[in-house]
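Spelled out from the first residue to the last, the chains are:
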Amino acid sequence: QVQLVESGGGLVQAGGSLRLSCVVSGSIFRINAMAWYRQAPGEQRELVATITSGGSTNYADSLKGRFTISRSNAKKVYLQMNGLKPEDTAVYYCNAAIIESWPRGPNDYWGQGTQVTVSS
């Protein structure tokens, strides 16, 4: 069974940094793009950043320069968050487009989320 597990969330003061991690477990054929999303209370889930299997990245315009997405291997993705602001407070979710076996197409998988709280 494929699972995504996030870690690294917590409470940090404004201006601080956090590094989120997400690891994919289970038997898979390939992971295509991976991404981080976030959802603040009362708000819709929004895209934070994406990274393809080739390493190409894309960011929400408002987060460019403060957040960095990276992959250490095919199954692990990180989100480095610097200069955190109270408005960054949200549950952060890992997402991956995974092909479990060939020649099936990719399915969307989500982690359980990790809380990030930034105090002023």
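To be clear, the structure that these remarks concern was listed above.
Attention here is on the structure that accompanies the text.

The rules behind each value
- Per chain, residue numbering runs from 1 following the sequence as it is written.
- Predicted model: local features are reported for residues with pLDDT of at least 70 only, side-chain atom pairs are reported and counted for 80 or more only, and whole-chain, interface and lining totals are derived from all residues.
- Water and hydrogen atoms were dropped before computing side-chain values, which therefore reflect all heavy atoms in the structure.
- Comment: elements are numbered from the N terminus, with helices defined as DSSP H or I runs of at least four residues and strands as E runs of at least two.
- Any two residues having at least one pair of non-hydrogen atoms within 4.5 Å are treated as being in contact.
- By nonpolar core we mean a set of buried residues, namely Ala, Val, Leu, Ile, Met, Phe, Trp, Tyr and Cys, connected to one another through side-chain atoms within 4.5 Å.
- Type-normalised accessible area, obtained with a 1.4 Å probe on protein chains alone, sets the label of each residue: buried when under 20%, exposed when over 50%, and partly exposed for intermediate values.
- Contacts described as polar in this section are N or O atom pairs within 3.5 Å, which, within protein, must combine one atom able to donate a hydrogen with one able to accept it, while residues neighboring in sequence count only if both atoms come from side chains.
- Disulfide assignment relies on a single distance test, namely cysteine sulfur atoms paired within 2.5 Å.

1. Description of the side chain of Ser-21
Positionally, Ser-21 belongs in strand 3 (residues 18–25). When neighbours within four sequence positions are excluded, Ser-21 is seen to be in contact with Val-5, Glu-6, Ser-7, Trp-36, Lys-76, Val-77 and Tyr-78.

2. Comments concerning the nonpolar core
Judged by nonpolar contacts, the single largest core of 30 residues is most densely connected at Leu-4, Trp-36, Leu-79, Met-81 and Tyr-92. The set of elements that each furnish at least two residues to this core consists of strand 3, strand 4 (30–39), strand 5 (46–51), strand 7 (67–73), strand 8 (76–81), strand 9 (90–99) and strand 11 (114–119). Here this core takes 5 residues from strand 9, the largest share from any one element. The residues contacting Tyr-92, other than those within four sequence positions of it, are Glu-6, Leu-20, Trp-36, Tyr-37, Arg-38, Val-48, Phe-67, Leu-79, Met-81, Gly-113, Thr-114 and Val-116.

3. What to know about the environment of Asn-95
Along the chain, Asn-95 falls in strand 9. Using a relative accessible area of 7% as the deciding quantity, one classes Asn-95 as buried. In this structure the C-alpha to C-alpha distance between Asn-95 and Val-24, which are 71 residues apart in sequence, comes to 9.8 Å. Those residues in contact with Asn-95 that lie beyond four places of it in its chain are Leu-4, Ala-33, Met-34, Ala-35, Tyr-37, Asp-108, Tyr-109 and Trp-110. Within polar-contact distance, the side chain of Asn-95 engages the side chain of Asp-108 at 3.3 Å. A distance of 3.3 Å separates a polar side-chain atom of Asn-95 from the backbone oxygen of Tyr-109.

4. A word on the state of the cysteines
The full count for this structure, using the stated rule, is 1 disulfide. There is a disulfide in this structure between Cys-22 and Cys-94, and the S-S distance comes to 2.1 Å. Between Cys-22 and Cys-94, the S-S dihedral sits near -80°, and the bridge is therefore left-handed. Linking Cys-22 in strand 3 with Cys-94 in strand 9, this pair joins segments that are 72 residues apart in sequence. As far as burial versus exposure is concerned, Cys-22 and Cys-94 are alike and both buried.

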